[in-house]
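Single-letter residue listing:
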Amino acid sequence: MNAHHHTAALKAGVELDVFTAIAEGVTTSEALASRCNASERGMRILCDFLAVMGLLTKENGAYGLSPDAALFLDRNSPACMGSVTRFLASDLLVQGFQRLTDAVRKGGTVMSESGTMEPEHPAWVEFAKSMVPLMAPAAQDIAAILAEGGGGVRKVLDIAAGHGIFGVTLARAFPEAEITALDWPAVLEVAKENAENAGITGRYRTIPGSVFDVELGGPYDVILVTNFFHHFDEPTCTALAKKILNSLSDKGRMVTLEFVPNPDRISPPVPASFPIIMLTSTAHGDAYTFAQFDQIFRAAGFTHNKLHQLTHSPEQLIVSHR
């Protein structure tokens, strides 16, 4: 019942920059209060709670970082994941869970008619800005799998590109690759900034709008569909897969990154837990088993669908072709 206390404490620790301050040697509640612009009482209580959680240590009144906190929550660590709290613990998603009972009764989100799938929903700008650390490891895995599988990776379409890290990673891994990113205009501004920082602007173009409405162009060697199908029901997924197939070259591949639960739908824990997020935030979204994806993709014309387990992510990858 009190799990939300942990979420709030972790988010507060990130927002106040507590973990970075401790990494820099600011270790008492008094010093942390001054460094983080907070009250001493509030900082003492928060840090004690974070120590109870196992994220901090405490000895002789001085706080330290646990190994996990040092790796993932110190802003100066290359593996820092702190930014993801801005999306995963956002007011929007938390409020969706606060009305979970209503969503269960309805069978879909009660945020609004379409939830986060409303056109140009501002949540996706925050997603693009904050979620790169969580997605970058999967992007590396995708590049490795495509390299091992052979076939061209010259023209790439990144659907619902968000932060753009998937396309950017392929551009880095395949020097001849030209990336086209598709998303809402405001979201694409974030993706273009990440492409510029990666030094690939000359090989990066964009298509603003909804994948359901715009012309995709092509033919493409690879079309990335990362964390997108799960927002929709099976007929919508089938229709989208058909549109994607029509924009692929003869030997082109659709690359789908998803949370794919086992047939029992209660394992592995992360993919099996994902549908409840879709229930609270979308009208029809779900997590689909590989058998369901295989059926959806075959109905769209993809006769070969191979499931790959990733090395650095709890998600799975499906590579599909004619």
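Residue numbers here run from 1 along each chain, matching the order of that chain's written sequence. Only residues with pLDDT of at least 70 get local features here, since the model is predicted, and only at 80 or more are side-chain atom pairs given and counted; chain-wide, interface and lining totals rely on the full set of residues. Derived side-chain values reflect all non-hydrogen atoms in the structure, with water molecules and hydrogen atoms excluded from consideration.

Chemist: Looking at this structure, I do not really get the overall build of the protein. What am I missing?
Modeler: Counting from the N terminus, the helices are the DSSP runs of H or I reaching at least four residues and the strands are the DSSP runs of E reaching at least two. What the protein contains, in helices and strands, is 16 helices and nine strands. Only C-alpha atoms enter the radius of gyration; for comparison, a globular chain is expected to reach 2.2 Å times N to the power 0.38, where N is the number of residues. A globule of 322 residues ought to have a C-alpha radius of gyration of about 20 Å, and the protein, at 21 Å, matches this closely. Dimensions of the protein, computed from the C-alpha atoms along their principal axes, are close to 65 × 50 × 35 Å. Expressed as a percentage of the 322 residues in the protein, the buried residues total 49%. By element, 54% of the accessible surface of the protein is carried by carbon and sulfur atoms, the whole surface being about 15,300 Å². Only protein chains enter the accessibility calculation, which uses a 1.4 Å probe; a residue whose area is less than 20% of its type maximum is buried, one above 50% is exposed, and one in between is partly exposed. We get accessible surface area from the Shrake-Rupley algorithm with a probe of 1.4 Å; when it comes to residues, only the shown protein chains can shield them.

Chemist: Explanation requested: the packing of helix 13 (residues 234-245) against helix 16 (residues 290-300) in the structure shown.
Modeler: Structural elements are reduced to axes, namely lines fitted to C-alpha atoms, with helices fitted over the stretch in contact, and the angle between N-to-C directions of any two is expressed from 0 to 180 degrees. Contact geometry of helix 13 with helix 16 gives a least axis separation of 8 Å together with a crossing angle of 50°. Judged by the inter-axis angle, helix 13 sits oblique to helix 16. The handedness of the crossing between helix 13 and helix 16 is right-handed. Taking contact as the criterion, the partners of Glu-234, Cys-237, Thr-238, Ala-241, Lys-242 and Leu-245 in helix 13 are, on helix 16, Gln-292, Ile-296, Phe-297, Ala-299 and Ala-300. A class-by-class count of the residues in the contact of helix 13 with helix 16 yields seven nonpolar, two polar and two charged. Each angle gets one of four labels, with under 35 degrees taken as roughly parallel, over 145 as roughly antiparallel, 65 to 115 as roughly perpendicular, and the rest as oblique. Crossing chirality is assigned from the near helix's rotation relative to the far helix, an anticlockwise turn below a right angle marking it left-handed and a clockwise turn marking it right-handed. By the convention used here, residues are in contact when the closest approach between their heavy atoms is within 4.5 Å. Side-chain classes are defined by residue name, with Ala, Val, Leu, Ile, Met, Phe, Trp, Tyr, Cys and Pro counting as nonpolar, Asp, Glu, Lys and Arg as charged, and the others, Gly among them, as polar.

Chemist: Sorry if this is basic, but what is going on with unusual backbone geometry here?
Modeler: A negative phi angle is the norm for most residues apart from glycine, just as the trans form is the norm for most peptide bonds. The amide bond that connects Gly-218 to the next residue, Pro-219, takes the cis arrangement and shows omega of 0°. Relative to the elements of secondary structure, Pro-219 occurs in the loop between strand 5 (204-208) and strand 6 (220-226). Residue Ser-267 is joined to Pro-268 through a cis peptide bond whose omega torsion reads -15°. With respect to the helices and strands, the residue Pro-268 is situated in the loop between strand 7 (248-258) and helix 14 (269-273).

Chemist: I'm lost on the environment of Ala-38 in this one. Help?
Modeler: By secondary structure assignment, the location of Ala-38 is in the loop between helix 3 (29-35) and helix 4 (40-53). By relative accessible area, Ala-38 is classed as partly exposed at 31%. In the structure, Ala-38 is positioned 22 residues away from Leu-16 in sequence and 8.1 Å away in space, judged by C-alpha atoms. When sequence neighbours within four positions are dropped, the list of residues in contact with Ala-38 reads Ala-33 and Met-43.

Chemist: Any chance you could explain the packing of helix 1 (residues 3-15) against helix 4 here in plain terms?
Modeler: Helix packing for two helices is described by the angle between their axes and how far apart those axes are. Where helix 1 contacts helix 4, the axes come no closer than 10 Å and their chain directions differ by 120°. Taken as axis vectors, helix 1 and helix 4 run oblique relative to one another. Along this stretch, helix 1 crosses helix 4, giving a crossing that reads as left-handed. Here His-5, His-6, Ala-9, Leu-10, Ala-12 and Gly-13 of helix 1 come into contact with helix 4, specifically with Leu-46, Phe-49, Leu-50 and Met-53. Among the residues forming the contact of helix 1 with helix 4, the class breakdown is seven nonpolar, three polar and no charged.

Chemist: Explain the side chain of Asn-305 here, please?
Modeler: Examined against the element boundaries, Asn-305 turns out to sit in strand 8 (residues 304-309). The exposure class of Asn-305 is buried, given its relative accessible area of 12%. Polar contacts involving the side chain of Asn-305 include one to the main-chain carbonyl oxygen of Phe-302, which spans 3.2 Å. Asn-305 has contacts with Phe-290, Asp-294, Phe-297, Arg-298, Ile-318, Val-319 and Ser-320, leaving out every residue within four places of it along the chain. Pairs of N or O atoms are called polar contacts if they sit within 3.5 Å, as long as, within protein, a hydrogen donor faces a hydrogen acceptor (for residues adjacent in sequence, only side-chain-to-side-chain pairs).

Chemist: Quick question: what am I supposed to make of the sheet that holds strand 5 here?
Modeler: Remark on secondary structure: sheet strands pair via backbone hydrogen bonds, oriented parallel or antiparallel. Note: two strands are recorded as paired if DSSP finds a minimum of 2 bridges between them. One open sheet accounts for seven strands, arranged 5-4-3-6-7-9-8; its pairing is mixed. One side of each edge strand has no neighbouring strand; the edge strands of this open sheet are strand 5 and strand 8. Adjacent strand axes in the sheet meet at a mean angle of 20°, parallel and antiparallel pairs treated alike. Looking at chain direction, strand 4 (residues 178-183) and strand 5 are connected through five bridges and run parallel. Paired with Ala-181 across the two strands is Thr-206, which belongs to strand 5. Running at roughly 145° to strand 7, helix 13 makes contact with strand 3 (155-159), strand 6 and strand 7 of the sheet. The sheet strands contacting helix 16 are strand 7, strand 8 and strand 9 (316-321), and the helix crosses strand 8 at an angle near 150°.

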